[in-house]
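Analysis of the macromolecular model
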Amino acid sequence: MGSDVARRLHEADWDSLLPRLLWYALTNIYEPARLLPGGRSAEDIVQEAVAKAFSGDRKWDPVRQPDLEAHLRSTIDSILSSKGIFGLKEWKAVRNVEDPGEWESFASRFPNLGGICHDAEVVLAALQESIRGDRELSDLLEAVLEGFDKPREIAELTEIPVERVYELQRKLERRRSEVLKKLETTDEP
Amino acid sequence: MNRDALGKWCRLQDFLNAAPEGANDEAARLTAEGVDVQGTVDRVKEMVRKAYQADLREQAAREQSEASARAQAADARVAAMSLADVVQMLRSQAAALAFFRDKSPDECSEQDLRSLLADIMAAEESDAEAEDT
């Protein structure tokens, strides 16, 4: 490794860079489980990406790519793909697929897709159960599951003020996290 | 295979991942998701520090090895020269002129003269390499 690369990595502002990279990794993983195949987590993926910047096939070259964060994001993408993790890229690839043949072709490249679909079903059922009785949150979740994704559209549909939709968005995020934690301790999904 | 459930789950992910306008609080949201942010920062910093130190050690060892090779090559070249050529070359070296300010080449042993020239040649080569990089 060139010492200039080592020095630049050593001097990087990791305190601000890592939360952004962790967020990037977390929001690019669409598997309905907190732990990924092999027991990995978003933290492991980010740590592996940084390790690869020093050596290996994803070594950072500041001349070709001066932006370290962009380089590490690209490495995270590469790690997620190479480990067969269902991520944003895979979701974008299948979200509009109607043709069964095309779906089968995708499924053949994702041996665990059946398990991922099953986990999604379990987690969604657990989430719906956990918010039963909370009318606003249930209405919000149903709207999202129906395909509404803009807070203003949801506000119009559910007659919940848009500011409240934003609050509920965070509340639902916390509920999702709680449900995933709970399922993790019970080995489901 | 329940494709519908997967699609719904992914739509929910899209919705929840979209940060509300003006929000820039990844660390807080990550912590709420159970992500060990500070632990990751500490581990990565430690990993980077160790890799940097290893790199510095590697570089120092490499430089030492190169300096040793340069010195050996200069010794060999000087050993192949006649004493008259050694003295002749030393007369044209600024470093040697400073060395001989208070004494003449005649006061030094042949070994001193050869060592001095070899040191000067190795140093010049090192400077030239540094300029090239």
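Parameters and conventions
- Residues numbered from 1 in each chain as written.
- Chains lettered and ligands numbered in written order.
- Predicted model: local features only at pLDDT ≥ 70, side-chain atom pairs only at ≥ 80, totals over all residues.
- Helix = DSSP H or I, 4+ residues; strand = E, 2+ residues; numbered from the N terminus.
- Buried ≥ 20, exposed ≤ 12 C-beta atoms within 10 Å, placed from the backbone.
- Contact = placed C-beta atoms within 7 Å.
- Rg over C-alpha atoms; globule rule 2.2 N^0.38 Å.
- Nonpolar A, V, L, I, M, F, W, Y, C, P; charged D, E, K, R; others polar.
- Core = buried A, V, L, I, M, F, W, Y, C linked by C-beta atoms within 7 Å.
- Domains from an automatic or database assignment.
- pLDDT = per-residue confidence, 0-100.
- Axes fitted to C-alpha atoms, helices over the stretch in contact; angles between N-to-C directions.
- Parallel < 35°, antiparallel > 145°, perpendicular 65-115°, else oblique.
- Left-handed = near helix turned anticlockwise from the far one by under 90°.
- Expected span 1.5 Å × (residues − 1).
- Arc of directions from axis to C-beta.

All right, on to the overall build of chain A then. Helix and strand content of chain A: 10 helices and zero strands. When the helices and strands of chain A are listed from N to C terminus, the series reads α-α-α-α-α-α-α-α-α-α. Taken over the C-alpha atoms alone, chain A extends approximately 60 × 40 × 35 Å along its principal axes. Within the span of chain A, comprising 189 residues, buried residues form 31% of the whole. Relative to all contacts within chain A whose residues are 6 or more apart in sequence, the contacts with residues 24 or more apart total 60%.

Let us now look at the overall build of chain B. Helix and strand counts for chain B come out as six helices and zero strands. Scanning chain B from its N terminus toward the C terminus, one meets helices and strands in the order α-α-α-α-α-α. For 133 residues, the compact-globule estimate of 2.2 N^0.38 gives 14 Å, and chain B exceeds it by more than 25% at 32 Å. The C-alpha extent of chain B, read off along each of the three principal axes, is 95 × 35 × 25 Å. Classification of the 133 residues of chain B by burial places 21% in the buried group. Across chain B, contacts joining residues at least 24 apart in sequence account for 69% of those joining residues at least 6 apart.

Next up on the list: the interface of chain B and chain A. Contacts between the two partners involve 38 residues from chain B and, on the opposite side, 47 residues from chain A. Listed by contribution, the elements that provide at least two residues to the side of chain B that touches chain A are α1 (3-17), α2 (26-32) and α3 (37-79) of chain B. Residues of the side of chain B that touches chain A, tallied by class, amount to 20 nonpolar, seven polar and 11 charged.

Moving on, we come to the nonpolar core. Counting 59 residues, the largest nonpolar core has Leu-22, Ala-25, Val-46, Ile-76 and Leu-140 of chain A as its most contacted members. Here this core spans two domains, since at least three of its residues come from each of domain 1 (3-93) and domain 2 (112-185) of chain A. Beyond its immediate sequence surroundings of up to four residues, Val-46 of chain A is in contact with Leu-18, Leu-21, Leu-22, Ala-25 and Ile-76 of chain A together with Thr-40 of chain B. Counting eight residues, the second largest nonpolar core, distinct from the first, contains Ala-74, Leu-90, Leu-113 and Ala-118 of chain B.

Before going further, it helps to spend a moment on the confidence of the model for chain B. Residues and elements named next belong to chain B. When pLDDT is averaged along chain B, the result is 84; 91% of the residues meet or exceed 70. Per-element confidence in chain B is highest for α1, whose mean pLDDT is 92, and lowest for helix α5 (residues 94-99), whose mean pLDDT is 73. Interface confidence for the predicted complex, expressed as ipTM, amounts to 0.88; the pTM equals 0.76.

Our focus in this paragraph is the packing of helix α2 (residues 14-28) of chain A against helix α4 (residues 68-82) of chain A. Residue and element names in this part refer to chain A. For the pair α2 and α4, the least separation of the axes is 10 Å and the interaxial angle reads 30°. Classified by the angle their axes make, α2 and α4 are roughly parallel. Crossing geometry of α2 relative to α4 is assigned as right-handed. Between α2 and α4, the residues in contact are Leu-17, Arg-20, Leu-21, Tyr-24, Ala-25 and Asn-28 and Glu-69, Leu-72, Arg-73, Ile-76 and Leu-80, respectively. Of the residues that constitute the contact of α2 with α4, the class distribution is seven nonpolar, one polar and three charged.

Let's shift gears to the packing of helix α9 (residues 151-158) of chain A against helix α10 (residues 162-185) of chain A. Residue and element names in this part refer to chain A. Remark: α9 packs on α10, axes separated minimally by 9 Å, with the N-to-C direction vectors making an angle of 110°. Between α9 and α10, the crossing angle belongs to the class labelled roughly perpendicular. Contacts between α9 and α10 involve Pro-151, Arg-152, Ile-154 and Ala-155 from the first element and Val-162, Val-165, Tyr-166 and Gln-169 from the second.

With 18 residues, helix α7 (residues 113-130) of chain A ought to run about 26 Å at 1.5 Å a step, and its terminal C-alpha atoms sit 25 Å apart, in line with that. For α7 of chain A, the full list of buried residues reads Leu-113, Ile-116, Cys-117, Asp-119, Ala-120, Val-123, Leu-124 and Leu-127 of chain A. Viewed end-on, α7 of chain A has its buried residues packed into an arc of 160°, placing them on one side of the element. Opposite the buried face of α7 of chain A, by more than 90 degrees, sit the exposed residues Ala-125 and Glu-129 of chain A. Close packing links the buried residues of α7 of chain A with α6 (100-109) and α10 of chain A together with α1 of chain B.

Bringing the domain arrangement of chain A into the picture now. In terms of domains, chain A is made up of domain 1 (3-93) and domain 2 (112-185). Look at where the C-alpha atoms of domain 1 of chain A and domain 2 of chain A centre, and you get two points 28 Å apart.

The pLDDT averaged across chain A works out to 89; a share of 97% of its residues lies at or above 70. Element-level mean pLDDT values for chain A span from 85 in α6 of chain A up to 96 in helix α8 (residues 135-146) of chain A.

Glancing now at unusual backbone geometry. A positive phi is found at Glu-159 of chain A, a non-glycine position, where the angle reads about 60°. Tracing the backbone through its elements, the reader meets Glu-159 of chain A in the loop between α9 and α10.

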